[in-house]
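Descriptive analysis of the structure
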Amino acid sequence: MIIVENLVKEFGPKRAVNSVSFTVNRGEILGFLGPNGAGKSTTMRMITGYIPPTSGRVSVGGNDLSENPIPAKKLIGYLPESAPCYSDMTVHGFLSFAAEMRGMRGRTIQDAIQRVASLCFLEGVLHQSVDTLSKGYRHRTCFAQSIIHDPEVLVLDEPTDGLDPNQKHEVRQLIKRMGEKKAIIFSTHILEEVEAVCSRAIIIDRGTVVANGTPAELKARSENAGLVRVRISGGTVDAVKGKLTGLMTAGRVQVQSEGASITARIQPRERALAGELARAVGDAASQSGWKLEELHTEEGRLDEVFRSITLPDTVKRTE
Amino acid sequence: MSSDSSRHIWTIAKRELSGYFNSPVAYVFIVIFLLLNGFFTFMLGGFFELGEASLSKPFFSWHPWLYLFLVPAAGMRLWSEERRVGTLELLLTYPIAPWEAILGKFIASWIFLAIALGLTFPVVLTVGYLGSPDLGAILAGYLGSFLLAGAYLAVTVMTSALTRNQVVSFILSVVICFFLILAGWEPVTNLLVRWAPDTIVNLVASFSVMPHFGNFQRGVVDLRDLLFFASVIVFSLFGTGVILRGLRGA
Ligand SMILES: Nc1ncnc2c1ncn2[C@@H]1O[C@H](COP(=O)(O)OP(=O)(O)O)[C@@H](O)[C@H]1O
Ligand SMILES: [Mg+2]
């Protein structure tokens, strides 16, 4: 649904987005990750047709954004970063305006407002003026505006920013549910959000895509990914160390005693061998007659990956 | 114009208009407009002393000056507020053409100004009660005043697209409209003829609203004057489109 090819945006001499390419299909939720100023919002503004790219191409549902903007924009629902609303209107008035701008009329508008109001928990404030709403409500009002026409493509710039933990949870569930039938791209700097919601994630730093994969694939790039931790009782440190080091699939092994039991951290020789390693460790324990109290394979952590990919630049930038 | 376009324009105009009337500012504006009109017409304009059944001098002659401040005040927020709050990003990502939004906003404000102008009708009643005025001339005066307001408004629409600060937009607009007055205001042109040849002075004056409004004020409807106001409006709204595109491209 969304195809982005070699997208570049320059503000004067500064290149905010540098040759970004990706696609998002129907049924996919793409998480767009990156530190502040990485170029997430700028990319989204080009996808939604708010600003024209310096070079490169965006197409939505087969419509090129610069050649054929209107049909492309019809397919898109957009929640800008600051969740702006017309504050001199009531929530109902604002949603009704958005629906009319989307070409809806009459009864359809009322039905659409009811639908999004219940999805975004706005029923209680429909006839309240937007400028009397708390930040969370305003944010959800703008979210509601973005889905009023049940769009096939959703572009959400930090959709959970400024919400309390319960609201964050609700919005994530909502995105996840909608993601079954739509192509969704949303930006965030909350990593747990990516794991909870996305089918795929892109990490962007200083305008350039530095990683692109499923959350699991990205996590596997973490230093500790594939590390096996065990807790054993009934053996000695030396015996355990000897046995585990001897395993075909094991790399570095650290063993220490912890009270009555022994804990070990075994690095796989190669990342791909992580699964086998865990099995081998289990087998080794039962062969030696040790009691396996705990066995756990590290998946790796997204924040670790995120930091290792983007930190060096952040440090450089603040220098 | 396609029916889609006119629907978009009307949706936007409707939103802006309800924005005016949902806030007390609109009513304050209208009251001030009417009070000033009354004050100028009956006190400064010497309506009763003139002893003629005409609105040209006592009523319409003040409008270029009255509008100089009131029209920028009525239009200064049109785009600057969208920019400040960020709703511009919503508006321009809806499936509409930018010129539809520009026109919608302009029309809404123009309707608002027309309502304010229309509410001066008691002046017409008064003059009708006191004598037998030339109704055609009065209608021409109203048409001229409406067009004059439209020209100032179009300038304000353009200046409000330039900045996210309403006050800056107001000041810029007042300055430009002031030049549109001065270039052809008699006291200024009388001064200018001492320094420059007549043709130059006339050329400069032809860019001013004054000679064109003056004709309407005297009850003369000339196609050239209509064209003048139409071109100021079209030029300014077109300029607004260029500014908005520049904003996003920068
Ligand atoms: N209108 C603009 N003019 C100049 N620079 C801009 C503009 N918009 C964004 N930038 C710059 O582009 C870079 C990327 O910004 P942005 O896309 O907002 O990042 P993110 O959303 O990832 O935090 C930043 O360095 C920002 O200062
Ligand atoms: Mg951003």
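This write-up is about the structure you can find in this document. (Residues numbered from 1 in each chain as written. Chains lettered and ligands numbered in written order. Predicted model: local features only at pLDDT ≥ 70, side-chain atom pairs only at ≥ 80, totals over all residues. Heavy atoms only, no water.)

A word on the pattern of salt bridges. Overall, the coordinates contain 21 salt bridges over all chains when judged by the stated rule. In this structure, Arg84(B) and Glu81(B) form a salt bridge, with 2.9 Å as the shortest nitrogen-oxygen distance. Within this pair, Arg84(B) and its partner Glu81(B) are both found in helix 5 (residues 77-85), separated by three residues, close to a single helical turn. Salt-bridge contacts for Glu82(B) lead to Lys105(B); the nearest nitrogen and oxygen are separated by 2.9 Å. With Glu82(B) in helix 5 and Lys105(B) in helix 7 (residues 98-118), this residue pair connects regions lying 23 residues apart in the sequence. The exposure classification of Glu82(B) matches that of Lys105(B), with both residues buried. What you see here is one network of salt bridges that share partners, running through Asp88(A), Arg15(B), Glu16(B), Arg77(B), Glu82(B) and Lys105(B). (Salt bridge = Lys/Arg side-chain N within 4 Å of Asp/Glu carboxyl O. Helix = DSSP H or I, 4+ residues; strand = E, 2+ residues; numbered from the N terminus. Buried < 20%, exposed > 50% of the residue type's maximum accessible area, 1.4 Å probe, protein only.)

Let's shift gears to the packing of aromatic side chains. All names here are of chain B. Per the counting criterion, the structure on display carries 20 aromatic pairs over all chains. Aromatic side chains Trp65 and Phe178 sit 6.4 Å apart centroid to centroid with 70° between the ring planes, which places their arrangement in the edge-to-face category. In this pair, Trp65 sits in helix 4 (residues 63-75) while Phe178 sits in helix 10 (residues 166-182), placing the two residues 113 residues apart along the sequence. A relative accessible area of 25% places Trp65 in the partly exposed class. (Phe/Tyr/Trp six-rings, centres within 6.5 Å; stacked < 30°, edge-to-face > 60°.)

In terms of burial, helix 3 (residues 91-101) of chain A is a largely internal element, 10 of the 11 residues being buried. Where helix 3 of chain A ends, the next residue or the one after it, Gly103(A), has phi of about 85°, a positive value.

So, about the environment of Ala216(A). All names here are of chain A. Within the element layout of this structure, Ala216 appears in helix 8 (residues 215-220). You can call Ala216 exposed: its relative accessible area is 52%. Taking C-alpha positions, Ala216 is 9.5 Å from Ser199, a pair spaced 17 residues apart along the chain.

Let us now look at the coordination of the magnesium ion (ligand 2). Octahedral metal centres with six donors ideally show angles of 90 or 180 degrees, and tetrahedral centres with four donors ideally show 109.5 degrees. Residue and element names in this part refer to chain A. At this site the magnesium ion (ligand 2) is bound by Ser41 (OG) and Glu81 (OE), with donor distances of 2.0 to 2.5 Å. Taken as a pair, Ser41 in helix 1 (residues 40-47) and Glu81 in the loop between strand 6 (76-79) and helix 3 lie far apart in primary sequence, 40 residues in all. Ser41 sits in the buried class, given a relative accessible area of 13%. (Donors = N, O, S within 2.8 Å, 3.2 Å for Na, K, Ca; no water.)

All names here are of chain B. Among the surface-exposed residues, Trp10, Ile111, Ile115, Leu119, Phe121 and Leu125 lie close enough to one another that they form a single nonpolar patch of about 550 Å² accessible area. Residue assignment for the nonpolar patch shows that the elements contributing at least two residues are helix 7 and helix 8 (121-130). The exposure class assigned to Trp10 is partly exposed, which follows from its relative accessible area of 46%. (Patch = residues over 30% accessible without salt bridge, like charges linked within 9 Å, V, L, I, M, F, W, Y side chains within 5 Å. Areas by Shrake-Rupley, 256 points an atom, 1.4 Å probe, with all protein chains shown as cover.)

The next point concerns helix 13 (residues 209-217) of chain B. Residues and elements named next belong to chain B. Most of helix 13 is tucked away, with seven of its nine residues classed as buried. Capping the start of helix 13 is the job of one residue whose side-chain oxygen sits 2.9 Å from the backbone nitrogen of Met210: Ser208. Two residues or fewer past helix 13, Gly219 is found with a positive phi of approximately 95°. (Polar contact = N/O pair within 3.5 Å; in protein donor to acceptor, adjacent residues only side chain to side chain.)

The subject of this paragraph is the sheet that holds strand 2 (residues 14-24) of chain A. All names here are of chain A. Strand order in the open sheet made by the four strands is 2-1-4-5, with antiparallel pairing throughout. Each having just a single partner strand, strand 2 and strand 5 (63-64) make up the two edges of the open sheet. Of the strand pairs in this sheet, strand 1 (residues 2-11) and strand 2 are connected by seven bridges, and their pairing is antiparallel. The partner of Leu7 across the bridge, within strand 2, is Val20. Across the face of the sheet, helix 1 comes into contact with strand 1, strand 2 and strand 4 (55-60) while running at roughly 120° to strand 1. (Pairing = 2+ DSSP bridges. Contact = heavy atoms within 4.5 Å. Axes fitted to C-alpha atoms, helices over the stretch in contact; angles between N-to-C directions.)

Listed per partner, the contact involves 26 residues of chain B and 29 residues of chain A. Roughly 2600 Å² of surface becomes buried between chain B and chain A when both sides are summed, with 58% attributable to carbon and sulfur atoms. The greatest single-element share of the side of chain B that touches chain A, amounting to seven residues, is contributed by helix 1 (residues 3-21) of chain B. In terms of residue class, the side of chain B that touches chain A is built from 11 nonpolar, eight polar and seven charged. (Buried area = accessible area lost by both parts, 1.4 Å probe. Nonpolar A, V, L, I, M, F, W, Y, C, P; charged D, E, K, R; others polar.)

Attention shifts here to the side chain of Thr159(B). Relative to the helices and strands, Thr159(B) is located in helix 9 (residues 135-162). When its relative accessible area of 2% is taken as the criterion, Thr159(B) is described as buried.

Let us look at the packing of helix 5 of chain B against helix 9 of chain B. A pair of packed helices is characterised by two quantities: the angle between their axes and the separation of those axes. Residues and elements named next belong to chain B. Viewed as axis vectors pointing N to C, helix 5 and helix 9 meet at an angle of 15°, and their least axial separation amounts to 6 Å. Of the possible angle classes, the one that applies to helix 5 and helix 9 is roughly parallel. For the crossing formed where helix 5 meets helix 9, the hand is right-handed. Facing Leu78, Trp79, Ser80 and Arg83 of helix 5, the residues of helix 9 in contact are Leu153, Val157, Ser160, Ala161 and Leu162. In terms of residue class, the contact of helix 5 with helix 9 is built from six nonpolar, two polar and one charged. (Parallel < 35°, antiparallel > 145°, perpendicular 65-115°, else oblique. Left-handed = near helix turned anticlockwise from the far one by under 90°.)

Here we come to the environment of Leu192(B). Counting through the fold element by element, Leu192(B) comes out in helix 11 (residues 186-192). Measuring from C-alpha to C-alpha, the distance between Leu192(B) and Val127(B) comes to 37 Å, with 65 residues separating the pair along the chain.

Residues and elements named next belong to chain A. The four strands are arranged 12-13-11-14 in an open sheet whose pairing can be described as antiparallel. The open sheet has two free edges, formed respectively by strand 12 (250-258) and strand 14 (291-297), since each of these has just one partner strand. If you compare each strand with its neighbour and ignore which way they point, the axes differ by 15° on average. Pairing of strand 11 (residues 228-233) with strand 13 (residues 261-268), which is carried by five bridges, proceeds in the antiparallel orientation.

What follows is about unusual backbone geometry. Residues and elements named next belong to chain A. Even without glycine at this site, Phe121 takes up a positive phi of about 55°. Structurally, the position occupied by Phe121 is in the loop between helix 4 (107-119) and helix 5 (135-146). Classification of Phe121 as partly exposed rests on a relative accessible area of 40%. Here the phi dihedral of Asp150 falls at roughly 45°; this positive angle occurs in a residue that is not glycine. Among the secondary structure elements, Asp150 is positioned in the loop between helix 5 and strand 7 (153-157).

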